[in-house]
Amino acid sequence: MANAWKRDRPPRLLSPRILLLLFSSSLLFLIFLFLSSRTSNPIPIPVSALKTLIPSRTIQPFDCFKCPQAHPVIANIVEGVKYPFLYSLSDFGTLPDKPHKNIVRILKGKPFRKADISLTVQEILEKMKEQGKNGFVVDVGANVGMATFAAAVMGFRVLAFEPVFENLQRICDGIFFNRVGESVTVFEAAASDRLGNITFHKLVGRLDNSAVSATGAKMAFKSNEEIELQVRSIPLDEVIPESEPVLLLKIDVQGWEYHVLKGATKLLSRKESEAPYLIYEEDERLLQASNSSAKEIREFLHSVGYHHCTQHGTDAHCTKKG
């Protein structure tokens, strides 16, 4: 037969590009199924209550509805947490040859690998929930929201601070995917010890390593392109009224932690029963790149009553209780 060779021809393998397109279509469908099965937030917070929290003279929340939609969107549920949530990737790796490790996990039918901070936040808040405590979680250096959404899906209200626009877009994705628009308020700003503008260094391809310090931003990824830009800076004490309870303050800002803490002096000076549980990154190399040190931070915390700190990897956990 003249065309018999066509039947015997070995099947052609799909190219990485076609595989990625098929993967994206399947992912969107899976996200739709997940969202359709989600139950409502256990502690709904009126939008008006969040809007009146923030004094108009300081800073307005970031408006996800006016924010351009990032694309493509690659999101998935996170493995190994008691309260499941999704988040959206801002860095994809080098497509199609060297995709981000979480893209590879999806192609293998696996959820995103959990960040340690997600599990830590949920464990701490679980204990507070059992004690009947309620209040805000403040996420400084929110990145794409792995701590923010870990708290929000538990029913806690979150104030998230993030200066990188691409990360803000992904936080907006996560707010929709997790149905937590009434409990998460986002600010396009770098928390610091003074109100104004600050030079920020964005690391292309590793947005999670962007930092105020150029040295700190490129410490682990020297070959990545760095973009210098001006971002708004604001002290936490300018945003959070003294009357509002704060349960947990998490800070991960690539060496700028001391300045964030100094800008939250009033918050951290609250009496023992009202002072937030504090988690901050204490990486001496990054701190020194921002002209501070772990010793300087500990001395400041001691001055506002935080006498009990324990080390968990590169993170420090501090409380006023023994």
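Residues numbered from 1 in each chain as written. Predicted model: local features only at pLDDT ≥ 70, side-chain atom pairs only at ≥ 80, totals over all residues. Heavy atoms only, no water.

A. Structural detail: the sheet that holds strand S11 (residues 246-251). Ordered by their spatial adjacency, 7 strands build an open sheet running S7-S6-S5-S11-S12-S14-S13, and the pairing between neighbours is mixed. Of all strands in the sheet, those with a lone pairing partner are strand S7 (184-187) and strand S13 (308-312), marking the two edges. Taking each pair of neighbouring strands and ignoring which way they run, the sheet shows an average axis angle of 15°. Pairing of S11 with strand S12 (residues 277-281), which is carried by 4 bridges, proceeds in the parallel orientation. Directly across from isoleucine 251, in S12, lies its bridge partner tyrosine 280. Running at roughly 170° to S12, helix H5 (residues 116-130) makes contact with strand S5 (136-140), S11, S12 and strand S14 (315-319) of the sheet. The sheet strands contacting helix H12 (residues 294-303) are S12, S13 and S14, and the helix crosses S12 at an angle near 170°. (Pairing = 2+ DSSP bridges. Helix = DSSP H or I, 4+ residues; strand = E, 2+ residues; numbered from the N terminus. Axes fitted to C-alpha atoms, helices over the stretch in contact; angles between N-to-C directions. Contact = heavy atoms within 4.5 Å.)

B. Structural context of the nonpolar core. Among the nonpolar cores identified, the biggest contains 43 residues, and Phe85, Tyr87, Val121 and Leu125 are the most heavily contacted of them. Going through the elements one at a time, helix H4 (101-107), H5, helix H6 (146-152), strand S6 (157-161), helix H7 (165-177), S7 and S11 are the ones with two or more residues in this core. Of all the elements, H6 adds the most residues to this core, at 6 residues. If you look at the next biggest cluster of nonpolar residues, it comprises 41 residues, including Val140, Val239, Val253 and Val304. (Core = buried A, V, L, I, M, F, W, Y, C linked by side-chain atoms within 4.5 Å. Buried < 20%, exposed > 50% of the residue type's maximum accessible area, 1.4 Å probe, protein only.)

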